[in-house]
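Listed below, chain by chain, are the residues.
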Amino acid sequence: MRVLFAGAPGIGHLFPLVPLARAMRGLGHEVAVASMDGGEAVAGAGLPYLSIAPGVDWRKEIREAGRTRRPDLMRRVVESNSADREAFVPLAAHVNSRVADAMVELAAGWRPDLVVYDYQFPVALLAATRLGVPAVQHDLGFVRTPKLRALMLAEMADTFARHGIDLLPEPAETIDLAPPSMAGQERYGRTMRPVAYNGEGALPDQLALPAHRPRVAVTLGTVPPKTDGLTRIERVIEAAADVDAEFVLATGELGLGTLGTLPDNVRGYGWVPWRELLGTCAAAIHHGGSGTALSALDAGIPQLVLPDGSDRFITADAVRERGAGLRASAEDIAPALLEQLLTDDTLTRAAREVSAEIAAMPTPTAVAQHLTGLVG
């Protein structure tokens, strides 16, 4: 069987697809991942990568759609830094429509028996429907997507019709990574254990060794640093200097040279495997990416979430409401807040409860076996 995975061109959209893709391949199926410019990093997972519509830029196209088609929505997106999801996803739908012909052509050439797609990339649902094969929507975390999917498909109705599909389709299945106790009132789909994929590579030797005092992992993810600079991480570093713990800055490609001399208990790194790092830590501080938060929950450690936009406020609220961590703004960051993160036993207890819950969720392999039954 051939299984085509597809998603928006970002690590936060494509890396969550990797565990299921690898599980499918482990069952003997042929897999590939398709995305637009910017999605090439997923090829590092050892999966064949197929490029859709080279030269079409996801973010530029969203801005153009907002400027020329829906300035009312773009205004809401800008004001909320994309946190207004009901404004953002219709603009993302326009990018999907922009690459519809290319996606249909790619799928027709590759001939998948099953399509699995990130919820922000329903052009893959269109391609699957054209081919007459089942499509599975793969959600990413804590965002409840049925209403958002309806908004996207309604915005794409003309595109579906242009491809001979007058009745907007529904996916054959939806995969939900949210632990059941954090899924809220709106339960749907088939749950799957969120297995972290953070790229290849091992922890640096210094981090693989046991820490002599509590260690805290700190990251701002792959997108926020490009939009808000170092404001929050500077505040974390300043507060960390007065806390008896070791702070590890996992900052990816973001240079730390502008920060000057770091306190003795703060160490800066580039890319490190986040989940492996968390296994050596007592707590985590991050921007609110769903995969980042799910990894901390899987590790059973409390987290401080500093959301700044997109779906990261939803993640922060889910963590706080479950009692597994704290939510704060940059202005709230102070030594006392970091001390609370490290010493509040109720946070640790809740985080460990969710970790046990995640361990009991169906594995990607179990879900892959189920999905093969969708193919006639």
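Shown above is the structure to which this text applies.
A brief look at the structure comes next.

Cut-offs applied
Within every chain, residues take consecutive numbers counted from 1 along the sequence as written. For this predicted model, a pLDDT threshold of at least 70 governs which residues receive local features, and a threshold of 80 or more governs which side-chain atom pairs are given and counted, while totals over whole chains, interfaces and linings are taken from all residues. For the side-chain quantities, the full set of heavy atoms in the structure was used; hydrogens and water were omitted. Only DSSP runs of H or I covering at least 4 residues are called helices, and only runs of E covering at least 2 are called strands; the numbering of each starts at the N terminus. Here a polar contact is recorded for every N or O atom pair within 3.5 Å, except that within protein the pair must consist of a potential hydrogen donor and a potential acceptor, and residues adjacent in sequence are included only if both atoms are side-chain atoms. Pairing between two strands requires that DSSP report at least two bridges joining them. Axis lines are fitted through C-alpha atoms, for helices just across the contact stretch, and the angle between N-to-C directions can take any value from 0 to 180 degrees. Every residue pair with non-hydrogen atoms within 4.5 Å of one another is taken to be in contact. Buried means the residue's accessible area, taken with a 1.4 Å probe over protein chains only, is under 20% of the maximum for its type, while exposed means over 50%, and partly exposed covers the values in between. None of His or the chain ends enter the tally, which takes Lys and Arg as positive and Asp and Glu as negative. For this document, the term salt bridge refers to a Lys or Arg side-chain nitrogen within 4 Å of an Asp or Glu carboxyl oxygen. Each Phe, Tyr or Trp ring (for Trp, its six-membered ring) is paired with any other whose centre lies within 6.5 Å, and the angle between the two planes then decides the class: stacked below 30 degrees, edge-to-face above 60, tilted in between. Both a distance and an angle decide whether a charge sits over a ring: NZ of Lys or CZ of Arg must be within 6 Å of the ring centre and within 35 degrees of the ring normal.

## Focus on the environment of Y117
Here's step 1: Checked against the element boundaries, Y117 lands in strand β4 (residues 114–118).
Here's step 2: In this structure the C-alpha to C-alpha distance between Y117 and F5, which are 112 residues apart in sequence, comes to 5.6 Å.
Here's step 3: In this structure the side chain of Y117 is engaged in a polar contact, spanning 3.5 Å, whose partner is the side chain of Q137.

## A short note on the sheet that holds strand β12 (residues 303–305)
Here's step 1: Pairing is parallel in the open sheet, where 6 strands are placed in the order β10-β9-β8-β11-β12-β13. What marks the edges here is a single partner per strand, and that holds for β10 (266–269) and β13 (325–327). Between one strand axis and the next, the sheet turns by 20 degrees as a mean value, whatever way the strands run.
Here's step 2: Sheet strands touched by helix α12 (residues 231–240): β8 (215–218), β9 (246–250), β10 and β11 (283–286). Its angle to β9, the strand with the most contacts, is close to 165 degrees.

## Considering the side chain of R85
Here's step 1: Along the polypeptide, R85 turns up in helix α5 (residues 85–98).
Here's step 2: It is D311 that comes nearest to the buried, bridge-free R85 among opposite-charge side chains, at 5.2 Å.
Here's step 3: When sequence neighbours within four positions are dropped, the list of residues in contact with R85 reads P90, Y119, Q120, L148, S310, D311 and I314.

## As for the pairing of β9
Here's step 1: Of all the 5 residues making up β9, 5 are buried; the element is thus mostly covered by neighbouring parts of the structure.
Here's step 2: Here 4 bridges tie β8 to β9, and the two strands are oriented parallel to one another. In the sheet register, V218 faces β9, and the bridge partner there is L249.

## Describing the sheet that holds strand β5 (residues 135–138)
Here's step 1: An order of β3-β2-β1-β4-β5-β6-β7 is seen for the 7 strands of this open sheet, with the pairing classed as parallel. This sheet does not close on itself; its edge strands, each paired only once, are β3 (49–51) and β7 (190–191).
Here's step 2: Sheet analysis places β5 next to strand β6 (residues 173–176), joined by 3 bridges and oriented parallel. Each residue of the ladder has a partner; that of Q137, found in β6, is T174.
Here's step 3: Seen against the sheet, helix α6 (residues 100–110) touches β1 (2–6), β2 (30–35) and β3 and runs at an angle of roughly 160 degrees to β1.
Here's step 4: Contacts between helix α7 (residues 123–131) and the sheet are confined to β1, β4 and β5, with β4 contributing the most and set at about 165 degrees to the helix.

## Side note on unusual backbone geometry
Here's step 1: The phi torsion at S82 lies on the positive side, around 70 degrees, for a residue other than glycine.
Here's step 2: Phi is positive for R111, close to 55 degrees, though the residue is something other than glycine.
Here's step 3: Its place among the elements puts R111 in the loop between α6 and β4.
Here's step 4: Relative accessible area serves as the criterion here: at 49%, R111 is assigned to the partly exposed category.

## Looking at the packing of aromatic side chains
Here's step 1: Within this structure, the stated rule accounts for 2 aromatic pairs.
Here's step 2: Between F15 and Y197, the aromatic rings sit 4.8 Å apart at their centres with planes inclined by 70 degrees, giving edge-to-face as the arrangement. Separated by 182 residues along the polypeptide, F15 in the loop between α1 (11–14) and α2 (18–26) and Y197 in the loop between β7 and α10 (205–208) bring together distant segments of the chain.
Here's step 3: What makes F15 buried here is its relative accessible area of 11%.
Here's step 4: Taking the relative accessible area as the measure of exposure, Y197 reaches 10% and is therefore buried.
Here's step 5: Ring geometry for W58 versus F121: centroids 6.4 Å apart, planes at 40 degrees, classification tilted. Separated by 63 residues along the polypeptide, W58 in helix α3 (residues 58–68) and F121 in the loop between β4 and α7 bring together distant segments of the chain.
Here's step 6: For W58, a relative accessible area of 9% corresponds to the buried category.
Here's step 7: Geometry around W110 places R2 over its ring, the cationic atom sitting 4.2 Å from the centre.

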